[in-house]
Amino acid sequence: MRHPSLANIEWQDLRQLSLSETVYNIFLSLPLLLLSWWSAWQGWWLLALVATFFFFTAALRQAHDCYHRTLGVGRLATELMLFLLSITMLCSTHAIRHTHLNHHRDPLGDSDVEGNWARLPWYQAILGGGIFSIAIQWFGLTHGSRRNRILVACDMFLIFAVIATAFITMHPVLIYHVLVMILANTMVGFFAVWSVHHGCDDVAYARSERHPLINLLTFNLLYHIEHHLFPAVPTNHLPILAKRLDAAAPQWTQQPVIPFLVPVNKYPVVHMTEKVNSLNTEVSLIKES
């Protein structure tokens, strides 16, 4: 149930995607993947690493949209996209889908294997990234339905096939891709979870970024409280939703992801949870009267 302060936020009109937006969502990471492979083949390692970073970030967005069925395609195409992303990202997106949806059901709660990574100090969240990657996929495998376990098993088979092919052929581009994807997966816990949930609680459980360049470079993934409050809104339209929240319910959007980029006195000193709790009190008083 949504908080009463969100009752007047218009969001249903944001669910619909145009054809161009759907095409964009489907092919978002492909040019970056091809650029990273081509650069690695040419031996241009710095360009390859930059392209790989943006490929992985774009792929994270695509997988995330698949988890919430907001990519703009049907069920079968969504499952196919998850298989393709599992192969290229070298992680089971079907396993992570189960863990992530559980994260939405119980954000920062006792059962939230994903979100509770944000309770760690930043250096532990970075150093333990490999453990995080294994933990979220293991949770998705062991707690999912029989159908989901079969999908995860297929993911794992395909991932193993890619890694085996890389080391059997010793193809430099494949070896490069496998190694950087392993590294990228160890950083997901910090960049995709810790950065948007640290310092939060089960009332105000996510942060949101407003710096336009940062949001451009991260493909709008850091509009995170907006996503949690309205998960049916596609990532394409989160900037519009953010403006509506800022205007009608700013108490939800006052914890930035990158605080040092926020101008001084941009936000009041009062913590967002205190503001939300004050709203709860007001609602209770109205009901009592």
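The shown structure was predicted, so the numbers you read here are calculated from the model rather than taken from an experiment. (Residues numbered from 1 in each chain as written. Predicted model: local features only at pLDDT ≥ 70, side-chain atom pairs only at ≥ 80, totals over all residues. Heavy atoms only, no water.)

1. Quick look at the overall build of the protein chain
Turning to step 1, where the next piece is worked out: Of regular secondary structure, the protein chain possesses 13 helices and zero strands.
Turning to step 2, where the next piece is worked out: Overall, the protein chain shows an N-to-C arrangement of helices and strands of α-α-α-α-α-α-α-α-α-α-α-α-α.
Turning to step 3, where the next piece is worked out: Relative to its 289 residues, the protein chain shows a buried fraction of 49%.
Turning to step 4, where the next piece is worked out: In the protein chain, once contacts between residues fewer than 6 apart in sequence are set aside, the share between residues at least 24 apart is 67%.
Turning to step 5, where the next piece is worked out: Carbon and sulfur atoms make up 69% of the accessible area of the protein chain, which amounts to about 14600 Å² in all. (Helix = DSSP H or I, 4+ residues; strand = E, 2+ residues; numbered from the N terminus. Buried < 20%, exposed > 50% of the residue type's maximum accessible area, 1.4 Å probe, protein only. Contact = heavy atoms within 4.5 Å. Areas by Shrake-Rupley, 256 points an atom, 1.4 Å probe, with all protein chains shown as cover.)

2. Side note on the layout of surface pockets
Empty space among the atoms can be located by rolling a probe the size of a water molecule over them.
Turning to step 1, where the next piece is worked out: In this model, the largest pocket occupies a volume close to 1100 Å³.
Turning to step 2, where the next piece is worked out: The wall of the largest pocket is formed by 45 residues, among which Leu60, Met187, Val188, Phe191 and Ala192 lie closest to the centre.
Turning to step 3, where the next piece is worked out: For the lining of the largest pocket, the secondary structure elements donating two or more residues are α3 (45-67), α5 (93-105), α7 (129-143), α9 (172-197) and α10 (212-217).
Turning to step 4, where the next piece is worked out: With 15 residues, the single largest contributor to the lining of the largest pocket is α9. (1 Å grid on protein atoms, 1.4 Å probe; cavity = no way out; pocket = protein on both sides within 12 Å on 5 of 7 lines; lining within 4 Å. Points joined across faces, edges and corners; volume = space filled by probe spheres on them.)

3. Details of the pattern of salt bridges
Turning to step 1, where the next piece is worked out: The tally for this structure, following the rule as stated, stands at six salt bridges.
Turning to step 2, where the next piece is worked out: For Arg61, the salt bridge goes to Asp65, with nearest N and O atoms at 3.6 Å. Here Arg61 pairs with Asp65, and both are found in helix α3, just four residues apart, close to one helical turn. Asp65 matches Arg61 in its accessibility class, with the two residues each being buried. (Salt bridge = Lys/Arg side-chain N within 4 Å of Asp/Glu carboxyl O.)

4. Re the packing of aromatic side chains
Turning to step 1, where the next piece is worked out: Tallied over the entire structure, the rule returns eight aromatic pairs.
Turning to step 2, where the next piece is worked out: Ring geometry for Trp11 against Phe230: centres 5.7 Å apart, planes inclined by 45°, an arrangement best described as tilted. Within this pair, whereas Trp11 is found in the segment before α1 (19-27), its partner Phe230 is found in the loop between α11 (224-229) and α12 (238-248), the two being separated by 219 residues in sequence.
Turning to step 3, where the next piece is worked out: Relative to Phe132, the ring of Trp117 has its centre 5.2 Å away and its plane inclined at 50°; by these criteria the two rings are tilted. Highlighted residues: Trp117 in the loop between α5 and α6 (122-127) and Phe132 in helix α7, separated in sequence by 15 residues. There is no split in this pair, since Trp117 and Phe132 are both buried.
Turning to step 4, where the next piece is worked out: An aromatic cluster is present here, built from Phe190, Phe191 and Trp194 joined pairwise through their rings. (Phe/Tyr/Trp six-rings, centres within 6.5 Å; stacked < 30°, edge-to-face > 60°.)

5. Considering the nonpolar core
The nonpolar side chains of a soluble globular protein tend to be buried with one another.
Turning to step 1, where the next piece is worked out: Judged by nonpolar contacts, the single largest core of 39 residues is most densely connected at Phe55, Phe56, Leu85, Met89, Leu90, Phe132 and Met181.
Turning to step 2, where the next piece is worked out: Contributing elements (two or more residues each) for this core: α2 (30-42), α3, α4 (75-89), α7, α8 (146-169) and α9.
Turning to step 3, where the next piece is worked out: The dominant element in this core, judged by the number of residues it contributes, is α9, at 11 residues.
Turning to step 4, where the next piece is worked out: If we ignore the near neighbours within four places in the chain, the residues touching Met89 are Phe55, Phe56, Ala59, Leu60, Met181 and Asn185.
Turning to step 5, where the next piece is worked out: Leu6, Leu14, Leu229 and Trp252 belong to the second largest nonpolar core, which has 19 residues in total. (Core = buried A, V, L, I, M, F, W, Y, C linked by side-chain atoms within 4.5 Å.)

6. Overview of the confidence of the model for the protein chain
Turning to step 1, where the next piece is worked out: Across the protein chain, the average pLDDT comes to 90, with 90% of residues at or above 70.
Turning to step 2, where the next piece is worked out: Across residues 267-272 the pLDDT falls below 50, and counting only partners more than four positions away or on other chains, this stretch makes 18 contacts in the model.
Turning to step 3, where the next piece is worked out: Confidence over residues 281-289 falls short of pLDDT 50; this stretch has one contact with residues more than four positions distant or in other chains. (pLDDT = per-residue confidence, 0-100.)

7. Here we look at the packing of α4 against α8
Turning to step 1, where the next piece is worked out: Between α4 and α8, the least distance of the axes is 8 Å, while the angle of their chain directions is 35°. Note on packing geometry: the crossing formed by α4 with α8 is right-handed. Contact residues: Arg75, Glu79, Phe83, Ser86 and Ile87 in α4; Arg147, Leu151, Cys154, Asp155, Leu158, Ile159 and Val162 in α8.
Turning to step 2, where the next piece is worked out: Considering only residue class, the contact of α4 with α8 consists of seven nonpolar, one polar and four charged. (Axes fitted to C-alpha atoms, helices over the stretch in contact; angles between N-to-C directions. Left-handed = near helix turned anticlockwise from the far one by under 90°. Nonpolar A, V, L, I, M, F, W, Y, C, P; charged D, E, K, R; others polar.)

8. What to know about a nonpolar patch on the surface
Turning to step 1, where the next piece is worked out: There is a patch of nonpolar side chains on the surface, built from Leu19, Val23, Phe27, Leu30, Leu34 and Trp37 and spanning about 570 Å² of accessible area.
Turning to step 2, where the next piece is worked out: Counting residues per element, the ones that place at least two in the nonpolar patch are α1 and α2.
Turning to step 3, where the next piece is worked out: Turning to its location among the elements, Val23 is positioned in helix α1. (Patch = residues over 30% accessible without salt bridge, like charges linked within 9 Å, V, L, I, M, F, W, Y side chains within 5 Å.)

9. Observations regarding unusual backbone geometry
Turning to step 1, where the next piece is worked out: Phi at Arg69 is positive, roughly 55°, even though this residue is not glycine.
Turning to step 2, where the next piece is worked out: Mapped onto the secondary structure, Arg69 falls in the loop between α3 and α4.
Turning to step 3, where the next piece is worked out: A positive phi is found at Phe219, a non-glycine position, where the angle reads about 55°.
Turning to step 4, where the next piece is worked out: Tracing the backbone through its elements, the reader meets Phe219 in the loop between α10 and α11.
Turning to step 5, where the next piece is worked out: Taking relative accessible area as the criterion, Phe219 reaches 13% and is therefore assigned buried.

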